Amino acid sequence: MKTLTDVLLNNAGTRGAATAVIDGRISLTWVEFARRISKLGSVLNRSGINRGDRFGILSLNSWRQAEVIHAGQWIGATPVPVNFRLAPVEMQSIFHDAGCKLVVADSQFSGLLEAPELAAWTDSRLLIGDDENSSYERSLIVAEPAEPVRCSADDEALLLFTGGTSGRAKGVPLTHGNIMANAKQVGSRWPAKPGDVVLHVPPMFHSAELVKTVYFMQGAASVYLPKFDPDALLQTIEEFNVSFALLVPTMLMLTLQSGKVPQYDVSSLKQIIYGASPMSADWVKAAFEAFPNVEIAQGYGLTETAPLLTMLDHRSHADALATGNPARLSSCGRALEGVDIKIMDTVEAECATGQVGEIYARGDNVFRGYLNRAELTKEVLVDGWFRTGDLGYLDNEGYLYLKDRKQDLIVTGGENVYSGEVEVVLNRHPAILEAAVIGVPDEIYGEKVIAVVTAKSGSTLMQDELMDFCRGKIGGYKIPKEIYVVESLPKSALGKILKTELRIKYKS
């Protein structure tokens, strides 16, 4: 099997009567799911999407979004799932950069597509209905199944966008080979079985969605949670006998903090992977106590690596708690089988054990370069290695420790926010002289976004005014939660703003 469509066809051929997707109103076998996907391929063809084309997706988590993604791959096209929380101007930039010829969207986002910035796609859209009488479902009834396009492992399977420090999102094309390689790498450390039931919680436009590919390759069933809250999570686990869930730490901590775990039957749950950032020893201990029969692991990776590079397995967590060694919990684990990691210093010499430097990675899961960004690609792909931009070190047992995220990256509630793109918006305000955006620790969300700004001479700035100024220009989760107006910002001798000093000053 070389492509994700090959996996789908194999599931339909060898596990045809097994359950593929479940929700409150429907259950589809692999044969039924594959047939819908083949017919949706025809619908996409009639909408002008053919092999080599790209199309955008704006959707909450759902099995229908999953079939749209599969249908695109079925006909050799590339799905481009986009964060629906972005401002229309940000979506416009992504759709244009990707060359999207169509936008497939949940019907609830139809009003969003009326925004002037998205006018180019007003007549090039397909709305996903949420009931059997929708035009989406009616189009599938009359459609003839499309034959699957024969693709190779090197063909593009998915295009995801990550935030950019320059204010422009970066397109990360991932091939079928990248995604399937990582599924095999994850599978070397993390068991998945055909009888598993997988819960999709983080938004499907996020690379975390790809971690579940190892379950897809085993023919496991999938359940989709459109919107997270602790009750919805726990109720879904109980109702559908979920055995695996990937959660960002914020989701896990909010669920534990709610105190509602004992109110639900979660005995079916056997595995949890958390990612995006580590959790404190106290929260890990709370998770072990709330889910005593669940295997818990942490994964570290990037969109560019499809996505995981390392894993801190359940045994490492348990040993750290049992031996009173919480420092191990700050590690993101060891490299997966088939992944190589090294630490390099600023003169491109390999660092010694325990020495902090930039994390380099290589493996069949690593992407081949950014979309339309040749110079940036040249910077990050060096002699077969990917420069992650993250700083860390390896200990003498091969455990990787992160010391800092990508330059100025803020991870809040599992969402990546690059300070540069927020600063670009703030600096457009006519009264702002300079702006620095940083992330500071937050007990629930991991980090929160704050801004420190200076005013032009004779001008005054108010926090509420600046927050309002940001709305509609960037996604709501990127808007600073606090904005401090100061007389001057700390700078180096070269005039560079010293964000490290700001983080120390505002961390409490």
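Our structure is the block above this text.
Structural notes, computed from the coordinates. All chains use their own residue numbering, which begins from 1 and follows the written sequence. At least 70 in pLDDT is required for a residue's local features to be given in this predicted model, at least 80 for side-chain atom pairs to be given and counted, and no such filter applies to totals for whole chains, interfaces and linings, which use all residues. Side-chain calculation: all heavy atoms of the structure are included, whereas hydrogens and water are not.

1. Describing the overall build of the chain
No. 1: Helix and strand labels come from DSSP, where a helix needs a run of H or I of at least four residues and a strand needs a run of E of at least two; each type is numbered from the N terminus. When helices and strands are tallied, the chain shows 15 helices and 25 strands.
No. 2: Seen along its three principal axes, the alpha-carbon backbone of the chain occupies a region of about 65 × 60 × 50 Å.
No. 3: Buried residues are those whose accessible area, probed at 1.4 Å on protein chains only, stays under 20% of the maximum for their type, while exposed residues exceed 50% and partly exposed ones sit between those limits. With 508 residues in all, the chain has 57% of them scored as buried.
No. 4: In the chain, of all internal contacts separated by at least 6 residues, the share reaching a separation of at least 24 is 68%.
No. 5: About 21200 Å² of surface is accessible on the chain, with carbon and sulfur atoms providing 49% of the total.
No. 6: Counting rule for charge: Lys and Arg are taken as positive, Asp and Glu as negative, and neither His nor the chain ends is counted. A charge is said to be at NZ when it belongs to Lys, at CZ for Arg, at CG for Asp and at CD for Glu. Charge separation in the chain, taken as the distance between the mean sites of 50 positive and 61 negative side-chain charges, equals 2 Å. In this description, contact between two residues means that some pair of their heavy atoms is separated by no more than 4.5 Å. Computed by Shrake-Rupley with a 1.4 Å probe, the accessible areas treat only the displayed protein chains as cover when residues are assessed.

2. Some remarks on helix α9 (residues 249-258)
No. 1: Among the ten residues in α9, seven count as buried, and that is most of the element.
No. 2: Those residues of α9 lying buried are Pro249, Thr250, Met251, Leu252, Met253, Thr255 and Leu256.
No. 3: Its buried side turned inward, α9 meets α8 (230-240), β11 (244-247), β12 (271-275), α10 (281-290) and β24 (446-455).

3. Notes on the sheet that holds strand β3 (residues 54-58)
No. 1: DSSP-based pairing: two strands are paired if at least 2 bridges between them are found. Pairing is parallel across the open sheet formed by four strands, whose spatial order is β4-β3-β5-β6. Single-partner strands in this sheet number two, and they are β4 (78-81) and β6 (125-128). Direction aside, the axes of adjacent strands within the sheet are offset by 25° on average.
No. 2: Of the strand pairs in this sheet, strand β5 (residues 100-106) and β6 are connected by four bridges, and their pairing is parallel. Each bridged residue has a counterpart across the sheet, and for Asp106 the counterpart in β6 is Ile128.
No. 3: The angle between two axes is taken between their N-to-C directions and runs from 0 to 180 degrees, where each axis is a line fitted to C-alpha atoms and a helix contributes only its stretch in contact. Sheet contacts for helix α3 (residues 63-74): β3, β4, β5 and β6; angle to β3, the most-contacted strand, approximately 175°.

4. Observations regarding the nonpolar core
Side chains of nonpolar character tend, in soluble globular proteins, to be buried together.
No. 1: Nonpolar cores are built from buried Ala, Val, Leu, Ile, Met, Phe, Trp, Tyr and Cys residues. Side-chain atoms within 4.5 Å join them into one set. By size, the foremost hydrophobic cluster in this structure holds 79 residues, and its most contacted members are Phe33, Leu44 and Phe55.
No. 2: Of the residues forming this core, the biggest block, seven residues, is contributed by helix α2 (residues 30-46).
No. 3: Discounting residues that sit within four places of it in the chain, Leu44 has contacts with Ile49, Phe55, Val68, Ala71, Gly72, Ile75, Leu102, Val104 and Leu126.
No. 4: If you look at the next biggest cluster of nonpolar residues, it comprises 41 residues, including Cys100, Trp121, Ile410 and Val417.

5. Structural notes on the pattern of salt bridges
No. 1: One speaks of a salt bridge when a side-chain nitrogen belonging to Lys or Arg is within 4 Å of a carboxyl oxygen belonging to Asp or Glu. Tallying each qualifying case throughout the model produces 21 salt bridges.
No. 2: In this structure, the salt-bridge partner of Lys448 is Glu482, at a minimum N-O distance of 2.7 Å. On the criterion of sequence distance, the pair formed by Lys448 in strand β24 and Glu482 in strand β25 (residues 482-485) is long-range, its members being 34 residues apart.
No. 3: Under the relative-accessibility criterion, Glu482 is labelled partly exposed at 23%.

6. Considerations on the packing of α2 against α3
No. 1: Across the interface, α2 lies against α3 with an axial gap of 8 Å and an inter-helix angle of 65°. Crossing handedness for the pair α2 and α3: right-handed. Mapping the contact onto sequence places Phe33, Ala34, Arg36, Ile37, Ser38, Leu40, Gly41 and Leu44 in α2 and Trp63, Arg64, Ala66, Glu67, Val68, His70, Ala71, Gly72 and Trp74 in α3.
No. 2: Each residue is assigned to one class: nonpolar for Ala, Val, Leu, Ile, Met, Phe, Trp, Tyr, Cys and Pro, charged for Asp, Glu, Lys and Arg, and polar for all the others, Gly among them. Partitioned by chemical class, the residues of the contact of α2 with α3 number ten nonpolar, four polar and three charged. By convention the crossing between two helices is left-handed if the near helix lies anticlockwise of the far one by an angle smaller than a right angle, and right-handed if it lies clockwise.

7. What to know about the sheet that holds strand β23 (residues 432-442)
No. 1: Read from one edge of the open sheet, three strands run β23-β24-β25, paired in mixed fashion. Unpaired on one side and paired on the other, β23 and β25 mark the two borders of the sheet. Ignoring strand direction, the axes of neighbouring strands in this sheet form an average angle of 25°.
No. 2: Sitting on the sheet, helix α14 (residues 463-470) is in contact with β23, β24 and β25, with an inclination near 125° to β25.

8. Quick word on the environment of Ala318
No. 1: As for its position among the elements, Ala318 is in helix α11 (residues 314-322).
No. 2: Overall, the relative accessible area of 26% leaves Ala318 in the partly exposed class.
No. 3: Along the sequence, Ala318 and Lys285 sit 33 residues apart, while their C-alpha atoms lie 9.0 Å from each other.

9. Details of the packing of aromatic side chains
No. 1: Note on aromatic pairs: the rings of Phe, Tyr and Trp (six-membered ring only in Trp) are paired at centre separations within 6.5 Å, and the planes decide the class, stacked below 30 degrees, edge-to-face beyond 60, tilted for the rest. Counted according to the given criterion, the structure contains eleven aromatic pairs.
No. 2: Relative to Tyr370, the ring of Phe367 lies with its centre 4.8 Å away and its plane at 65°, an arrangement referred to as edge-to-face. In terms of burial, Phe367 and Tyr370 fall into one category: buried.
No. 3: Ring pairs connect the aromatic residues Trp30, Phe33 and Phe216, which therefore count as one cluster.
No. 4: The cationic tip of Arg328 hangs over the ring face of Tyr399; the distance from NZ or CZ to the ring centre is 3.7 Å.
No. 5: Whether a charge lies above a ring is judged from NZ of Lys or CZ of Arg, which has to be within 6 Å of the ring centre and within 35 degrees of the ring normal. Sitting over the ring of Phe469, Lys473 keeps its end group 4.2 Å from the ring centre.

10. Describing the environment of Pro262
No. 1: Relative to the helices and strands, Pro262 is located in the loop between α9 and β12.
No. 2: Its relative accessible area of 72% is what places Pro262 among the exposed residues.
No. 3: Along the sequence, Pro262 and Phe291 sit 29 residues apart, while their C-alpha atoms lie 9.7 Å from each other.

11. Some points on the pairing of strand β14 (residues 308-312)
No. 1: Of all five residues in β14, five are buried, a share of seventy percent or more.
No. 2: Remark: six residues form the turn of the hairpin made by strand β13 (residues 295-301) and β14, two consecutive strands paired antiparallel; Ala306 in that turn has positive phi of roughly 60°.

12. A look at the environment of Leu159
No. 1: Counting through the fold element by element, Leu159 comes out in strand β7 (residues 156-162).
No. 2: A relative accessible area of 0% means that Leu159 is categorised as buried.
No. 3: Spatially, the C-alpha atoms of Leu159 and Pro173 are 4.4 Å apart, while their sequence positions differ by 14 residues.
No. 4: Setting aside chain neighbours within four positions, we find Leu159 in contact with Arg54, Thr78, Pro79, Val80, Pro81, Ala98, Gly171, Val172, Pro173 and Leu371.

13. Quick notes on the packing of α2 against helix α5 (residues 135-142)
No. 1: Close contact between α2 and α5 brings their axes to 9 Å; oriented N to C, the two are set at 105°. In terms of axis orientation, α2 runs roughly perpendicular to α5. Between α2 and α5, the residues in contact are Arg36, Lys39, Leu40, Val43 and Arg46 and Tyr136, Glu137, Ser139, Leu140 and Ile141, respectively.
No. 2: Residues that form the contact of α2 with α5 fall into these classes: five nonpolar, one polar and four charged. Note on terminology: angles under 35 degrees are roughly parallel, angles over 145 are roughly antiparallel, angles of 65 to 115 are roughly perpendicular, and the others are oblique.

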